[in-house]
Amino acid sequence: MSHLDESVHGGRPRPTLGNILYSKTFRTIAAQAVMAVLVIMAGLYLYRNIIDNLNAQSIATGFGFLEQDAQFDIGETVIPYSATDTFGRAFLVGLLNTLTVSAAGIVLATILGFLVGFARVSSNWLLSKVATGYVEIVRNIPVILQVIFWAVVLRNLPNARDAIDLGGFVFLTNRGLSFPVPSADPVHEFMLLALAAGIILAIVGNRMARRHREKTGQYIDMLWPSVALVVGLPALVWLVGGAPTELSVPALKGFNFKGGATISPEFTALLVGISLYASGFIAEIVRAGLQATAKGQIEAARSIGLRPRFVMRYVVLPQALRVIVPPLTSQYVSLIKNSSIAVIVGYPDLVNIGNTVMNQTGQAVEAIAVMMLVYLTISLVTSTLMNFYNRLVAIKER
Amino acid sequence: MTHSLSAPKVAATVHTMEEFDPDAKLSFGEWAGKNLFNSIPQTILTVVVAACLLRFFWFVLNWGILDAVFYTTDPDVCRAATGACWAVIAEKHRPMLFGLYPYDQQWRLVVMMVIYLITVVVSLTPRFWNLKLLVPFWIVSVTSIFVMMFGGVFGMPFVPSTDWGGLPLTMILFSGTVLIGMPVAVLLALGRRSPLPVAKGFSVVFIEALRGVPLITILFVAVNVFPLFLPAGVEVNKLLRVVIGIAIFFACYQAEVIRGGLQAIPKGQYEAAASLNLTYWQTTTRIILPQALRISLPAITNHIIAAMKNTSFVIIIGLFDILTATTAVMQDPLWRRYYIEAYLFVAAIYLFFGYSLSLYARQVEKWINTGRI
């Protein structure tokens, strides 16, 4: 746009109308003003149309319907819910289901992805080829096809009478996966507390060991003490609490299993589908991260006699995590968004319930707006949390 | 990667400088010793993995080939067999591949797919990259594709787009997404890098808002909300609305990739263009974009492949693409037991097209690196 400044003579523009019209500043402002007016006018036009159309079809507007009775049932709920509750609560149930399946999916996909990623860079040729094959297959088949596939597989399992028996305690049927859980006991709550205490103590212990190392140069191996704290404390509480061993085991009663815990086939299909799909991408991210550490650094670390575990812990991982965490964040966000295909297998997530609400009330605009806003919020919160973690692992310039 | 991250290896034999030749060809025994059996844990790992793999391939061989039924029209024959029933594909391939399209007119879809594939192959071959040649070719091929799909001329009955389905629909969704999405993506990326605050702000909000929501909600908007935005009496074809929805979603991701390419262009390029007195659009289309698109090509192809996979989301709004058609066909009580074979067939189609695209992308990168394009 340099030719727009031709009006400048000897550094001082003559303030005529022509010069003002042709000046860069004026043009920039004018172009943007036109753009803004066009966007606003288009928005107003669409808004007027939608109001007219909704009036013509006599569909209510606004979010008042969130207070009305939902009058439909939901198969799986985290919080108590019945058909007499409001649409607002139905949305909340859906949101909690979305969060449940996403959280489980993130854990599963991360574990699988890291295992396969490490296998990809293994010095064992066979293992790395198998891992490559896995990655190529799960990444290149549409996630929705994978979810539908697992859903059909689970639906075609035998019914409870001919359940697939996995070791006498775990049963796989077309109603889901049933497995034993410990019978409710007050000790469990204390064990949870002990677990939290163990984790905190382990972190504090590691901090202290590091500070000691940085001050004196003496290395204290905290690996086994940490494991002892995290596993041992809850176990100790369990023993002190009288070691309750009673299990609630699933048993065939009539047409279904009673007792134990059951994961529904809808949940399982969705979880397995989105986790396997994401694990392929995570494996590639992990591989790239591990390979980002220059070979010379690993050789140097070994040549000064570091144990392999320490080469991993102090040389490879700190550098790999810097490369891994940012793309991992977008994979997590993408997994959460992929959980929205739950509607296809009938798992009552946010979109599935939003869809039902949309059909019952006819208020498509509001129902979709609720879904979009909730997902935007989840995406933003996830990115913020992961960015916070990223700041922890990022290069600390001193 | 032959380098181990896991175990320290003290070299068993010490090479002198003369002996050591990193490029020397290894015999199979040496290679296996180095990559499969170089320590006891590695050997155990190799044996375990090999055993699992053999078991798996043994099962695939028995189930998929030896005990399988390849052709029959009688589902009872499949029921008697212990292996796969590939006959389900022979029996059901027409509704799976062509969906709800009128049965006696499905030859038109075969013609359409042939034209489509020829068009794609020609358009992707550098020898034909000459607009004087390509533009008339595109006009002819796109017209004939739509003539074949819609009909209504030359004695072919009219078929409304609501009856389109199967693989041709997947192809149309995918091409529509990329053809509409790429220009929008470039505009959004330029907008985000624009010095004009209004253009920049609009692009940032648009891109970030759409990237934060799932594709399904955008499809819901396209199907349920978009008609409400139009004045009474005006209607836009559902298929078109869906294509535009997927395309805009695709464009938001692609815009971020292209922005990465734009950011990689050194400032000197802009300054050189300004010193030649080029205008903004001249600079953009002749200097900046050609370089930026080349730089971001690998990531662009990744998103194009993802766009192909994402077309399968239309099952949720009831468009009959190949996945929806297959799911519907598999409701047939006689053949529904063989859903695994049917879905493997669909997965193989997606894998084939995805793999072809990534092979082509690798070729283009090679052309770029050798300065051919």
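Since the model is a prediction, treat every value here as computed from it, not as a measurement.

## Describing the overall build of chain B
Consideration 1: For chain B, the count of helices and strands is 15 helices and zero strands.
Consideration 2: Taking 373 residues into account, the globule formula puts the C-alpha radius of gyration at 21 Å, and chain B, at 27 Å, lies well above it.
Consideration 3: Its C-alpha atoms put chain B at 80 × 75 × 40 Å along the principal axes.
Consideration 4: By residue count, 31% of the 373 residues in chain B fall in the buried class.

## Let's talk about the overall build of chain A
Consideration 1: Tallying secondary structure elements over chain A gives 12 helices and 10 strands in all.
Consideration 2: Taking 398 residues into account, the globule formula puts the C-alpha radius of gyration at 21 Å, and chain A, at 29 Å, lies well above it.
Consideration 3: The proportion of buried residues among the 398 residues of chain A is 32%.
Consideration 4: Long-range contacts, defined here as pairs at least 24 residues apart, represent 65% of the contacts in chain A between residues at least 6 apart.

## Considerations on the interface of chain B and chain A
Accessible area lost on assembly of the parts is the figure often given for the size of an interface.
Consideration 1: Residue-level contacts link 54 residues of chain B with 55 residues of chain A.
Consideration 2: Counting only elements with at least two residues in the side of chain B that touches chain A, the list comes to α2 (40-66), α8 (197-211), α9 (215-229), α14 (322-329) and α15 (339-369) of chain B.
Consideration 3: Of all the elements, α9 of chain B adds the most residues to the side of chain B that touches chain A, at eight residues.

## Topic: the confidence of the model for chain A
Consideration 1: Confidence along chain A averages 83 in pLDDT terms, with 95% of residues attaining 70 or more.
Consideration 2: Across residues 4-8 of chain A the pLDDT falls below 50, and counting only partners more than four positions away or on other chains, this stretch makes 10 contacts in the model.

## Here's the deal with the sheet that holds strand β10 (residues 261-263) of chain A
In any sheet, the strands associate via hydrogen bonds between backbone groups, in a parallel or an antiparallel arrangement.
All names here are of chain A.
Consideration 1: Taken together, four strands build an open sheet; the order of strands is β3-β4-β5-β10 and the sheet is antiparallel. Each edge of the open sheet is held by one strand with a lone partner, namely β3 (164-166) and β10. This sheet shows a mean twist of 20° between the axes of neighbouring strands, independent of strand direction.
Consideration 2: Across three bridges, strand β5 (residues 176-179) lies against β10 in antiparallel orientation. Residue pairing for β10: Ser 178 is matched across the bridge by Thr 262.

## Comments concerning unusual backbone geometry
Consideration 1: A positive phi is found at Asn 277 of chain B, a non-glycine position, where the angle reads about 65°.
Consideration 2: Positionally, Asn 277 of chain B belongs in the loop between α11 (267-275) and α12 (280-295).

## What to know about the packing of α14 of chain B against α15 of chain B
All names here are of chain B.
Consideration 1: Contact geometry for α14 and α15: axes closest at 10 Å, N-to-C directions at 170°. One finds that α14 runs roughly antiparallel with respect to α15. Residues Ile 322, Leu 323 and Thr 326 of α14 form the contact with α15, whose participating residues are Ala 342, Tyr 343, Val 346 and Ile 349.

## Some thoughts on the nonpolar core
Consideration 1: One finds Ile 144, Val 147 and Leu 270 of chain A together with Leu 219 of chain B to be the most contacted residues of the largest nonpolar core, which totals 152 residues.
Consideration 2: Residues contacting Leu 219 of chain B, with those up to four places away along its chain left out, are Val 242, Gly 245, Phe 313, Val 314, Ile 316 and Ile 317 of chain B.

## Considerations on the environment of Arg 372 of chain B
Residue and element names in this part refer to chain B.
Consideration 1: Structurally, Arg 372 can be placed in the segment after α15.
Consideration 2: Separated by 64 residues in the primary sequence, Arg 372 and Met 308 place their C-alpha atoms 27 Å from one another.
Consideration 3: Look past the residues within four positions of Arg 372 in its chain and what remains in contact with it is Pro 126 and Trp 367.

## Observations concerning helix α6 (residues 131-150) of chain B
Consideration 1: Here α6 of chain B contains 20 residues, and its C-alpha end-to-end distance of 27 Å stays within 8% of the 28 Å for a straight helix at 1.5 Å per residue.
Consideration 2: Backbone geometry just downstream of α6 of chain B places Gly 151 of chain B in the positive-phi region, at approximately 70°.

## Quick look at the pairing of strand β4 (residues 170-173) of chain A
Sheet faces and side chains relate simply in a regular strand, where the side chains alternate between the two faces.
Residue and element names in this part refer to chain A.
Consideration 1: Residues Phe 171 and Thr 173 point to one face of β4 and are all buried, whereas Val 170 and Leu 172, pointing to the other face, are not buried.
Consideration 2: Where β3 and β4 come together, three bridges link them in antiparallel fashion. Looking at β4, one finds that Ile 164 is bridged to Leu 172.
Consideration 3: Hairpin connection of β3 to β4: three residues between the antiparallel strands, including Gly 167 at a positive phi of 85°.
Consideration 4: As defined by bridge partners, β4 adjoins β5 across three bridges and the pair is classed as antiparallel. Across the sheet, the residue bridging to Thr 173 is Gly 176, located in β5.
Consideration 5: Linking β4 back to β5 in an antiparallel pair, the connection comprises two residues.

## Here's the deal with the confidence of the model for chain B
Caution applies to low-pLDDT regions: their predicted coordinates should not be interpreted in detail.
All names here are of chain B.
Consideration 1: Scored by pLDDT, chain B has a mean of 83; 93% of the residues are at 70 or more.
Consideration 2: For chain B, per-element mean pLDDT is lowest for helix α3 (residues 75-80), which scores 76, and highest for helix α7 (residues 166-192), which scores 91.
Consideration 3: The low-confidence segment residues 1-12, where pLDDT is below 50, has 20 contacts with residues more than four positions distant or belonging to other chains.
Consideration 4: Across the interface, the model reports ipTM at 0.84; the global pTM reads 0.83.

## Observations regarding the packing of α7 of chain B against helix α10 (residues 238-263) of chain B
All names here are of chain B.
Consideration 1: One way to put it is that α7 packs onto α10 with a least axis distance of 6 Å and a crossing angle of 45°. One finds that α7 runs oblique with respect to α10. α10 is crossed by α7, and the crossing has right-handed handedness.

## Overview of the environment of Lys 295 of chain A
All names here are of chain A.
Consideration 1: With respect to the secondary-structure elements, Lys 295 resides in helix α9 (residues 295-303).
Consideration 2: Residue Lys 295 is classed as exposed on the basis of its C-beta count, with 10 C-beta atoms lying within 10 Å.
Consideration 3: For the pair Lys 295 and Ile 164, spaced 131 residues apart in sequence, the C-alpha to C-alpha distance is 48 Å.

Reading the values: the criteria
Residues numbered from 1 in each chain as written. Chains lettered and ligands numbered in written order. Predicted model: local features only at pLDDT ≥ 70, side-chain atom pairs only at ≥ 80, totals over all residues. Helix = DSSP H or I, 4+ residues; strand = E, 2+ residues; numbered from the N terminus. Rg over C-alpha atoms; globule rule 2.2 N^0.38 Å. Buried ≥ 20, exposed ≤ 12 C-beta atoms within 10 Å, placed from the backbone. Contact = placed C-beta atoms within 7 Å. pLDDT = per-residue confidence, 0-100. Pairing = 2+ DSSP bridges. Axes fitted to C-alpha atoms, helices over the stretch in contact; angles between N-to-C directions. Parallel < 35°, antiparallel > 145°, perpendicular 65-115°, else oblique. Core = buried A, V, L, I, M, F, W, Y, C linked by C-beta atoms within 7 Å. Expected span 1.5 Å × (residues − 1). Left-handed = near helix turned anticlockwise from the far one by under 90°.

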